[in-house]
There are 2 protein chains.
Amino acid sequence: DDSKKAEMPVAASQCLSCHGTNGNPALKDVPILLGQQPLYLENAIRAYQEGRRTGGQALVMHEIVKDLSDADVKAIATWFGGTQ
Amino acid sequence: DDSKKAEMPVAASQCLSCHGTNGNPALKDVPILLGQQPLYLENAIRAYQEGRRTGGQALVMHEIVKDLSDADVKAIATWFGGTQ
């Protein structure tokens, strides 16, 4: 029932080109966010913000998330984790 | 149909206490592995092996996966990713 789905936070729009429009990516090396635990997603975004993940796509992720507010981080994590 | 499920690799047994017996954890800060993309899981394990993830549970993960062979890494990634 689409009417019950939470509205996508604006800040999540920049995630979609790699992670897919609902968090289910076409790219094989990109993690599925759909249904992932929100607290894990929140911690992962913070790790990318703070440069605690390196190599692979970590620099790309750092650039994308570095200026997100705490509220944006939580909103993104909750939305992707809850979209099932 | 359980008969069609792949057998768990022995090396995956050490993942279960945190990530759950089928990759669906009870702990809220631990990522769901069940159904995650195998290539992403493989890359993530290698990042933990090589110390490219720090903070949070990264040191725990490093200790657990540091001695896994390439074959073990692939087997674990494939098994969790394919368990749906």
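Residues numbered from 1 in each chain as written. Chains lettered and ligands numbered in written order. Predicted model: local features only at pLDDT ≥ 70, side-chain atom pairs only at ≥ 80, totals over all residues. Heavy atoms only, no water.

Considering the relation of the copies chain A and chain B
And then number 1: Least-squares fitting of chain A to chain B yields an RMSD of 0.0 Å, with the transformation described by 0.0 Å of translation along the axis and a rotation of 180°. Within this description, the copies of the chain are treated as partners about a two-fold rotation axis. When C-alpha distances to the rotation axis are compared across chain A, the minimum falls at arginine 53 of chain A, with a value of 2.2 Å.
And then number 2: The residues that chain A uses at the interface reappear at the interface of chain B in 100% of cases, marking a shared surface. (Least-squares fit on C-alpha atoms with pLDDT ≥ 70 in both. Contact = heavy atoms within 4.5 Å.)

Here's the deal with the environment of lysine 74 of chain A
Residue and element names in this part refer to chain A.
And then number 1: By the secondary structure assignment, lysine 74 is in helix α4 (residues 70–82).
And then number 2: The class of lysine 74 is partly exposed, set by a relative accessible area of 43%.
And then number 3: Sequence separation between lysine 74 and methionine 8 is 66 residues, and the spatial gap between their C-alpha atoms is 12 Å.
And then number 4: Those residues in contact with lysine 74, other than ones at most four positions away along the chain, are Glu42 and Arg46. (Helix = DSSP H or I, 4+ residues; strand = E, 2+ residues; numbered from the N terminus. Buried < 20%, exposed > 50% of the residue type's maximum accessible area, 1.4 Å probe, protein only.)

Overview of the pattern of salt bridges
Residues and elements named next belong to chain A.
And then number 1: Summed over the entire model, instances satisfying the criterion amount to 10 salt bridges over all chains.
And then number 2: Note that lysine 74 and glutamate 42 form a salt bridge whose closest N and O atoms lie 3.0 Å from each other. You can see lysine 74 sitting in helix α4 and its partner glutamate 42 sitting in helix α2 (residues 38–49), a full 32 residues away along the chain.
And then number 3: Through salt bridges with shared partners, one network takes in Glu42, Arg46, Asp70 and Lys74. (Salt bridge = Lys/Arg side-chain N within 4 Å of Asp/Glu carboxyl O.)

Concerning the environment of tyrosine 40 of chain B
And then number 1: Its place among the elements puts tyrosine 40 of chain B in helix α2 (residues 38–49).
And then number 2: Spatially, the C-alpha atoms of tyrosine 40 of chain B and alanine 6 of chain B are 19 Å apart, while their sequence positions differ by 34 residues.
And then number 3: Those residues in contact with tyrosine 40 of chain B that lie beyond four places of it in its chain are Lys28, Asp29, Val30, Pro31, Tyr40 and Arg53 of chain A together with Arg53 of chain B.

Observations concerning the packing of aromatic side chains
All names here are of chain A.
And then number 1: Counted under the stated rule, the structure contains two aromatic pairs over all chains.
And then number 2: Ring geometry for tryptophan 79 versus phenylalanine 80: centroids 4.8 Å apart, planes at 65°, classification edge-to-face.
And then number 3: Looking at tryptophan 79, the relative accessible area reads 11%, which means it is buried.
And then number 4: Look at phenylalanine 80 and you get buried, because its relative accessible area is 1%. (Phe/Tyr/Trp six-rings, centres within 6.5 Å; stacked < 30°, edge-to-face > 60°.)

A look at the interface of chain A and chain B
And then number 1: Listed per partner, the contact involves 19 residues of chain A and 19 residues of chain B.
And then number 2: Taken together, both faces of the contact between chain A and chain B bury some 1600 Å²; the carbon and sulfur share is 45%.
And then number 3: Sorting the residues of chain A by area buried against chain B places Gln37, Tyr40 and Arg52 of chain A first, and these three jointly supply 34% of that buried surface.
And then number 4: If you look at where chain A meets chain B, you find zero salt bridges.
And then number 5: Summed over the shared surface of chain A and chain B, the result is eight residue pairs in polar contact (both at pLDDT 80 or more).
And then number 6: Split into classes, the residues belonging to the side of chain A that touches chain B amount to eight nonpolar, seven polar and four charged. (Buried area = accessible area lost by both parts, 1.4 Å probe. Polar contact = N/O pair within 3.5 Å; in protein donor to acceptor, adjacent residues only side chain to side chain. Nonpolar A, V, L, I, M, F, W, Y, C, P; charged D, E, K, R; others polar.)

By themselves, these figures tell us nothing about what the structure is for.
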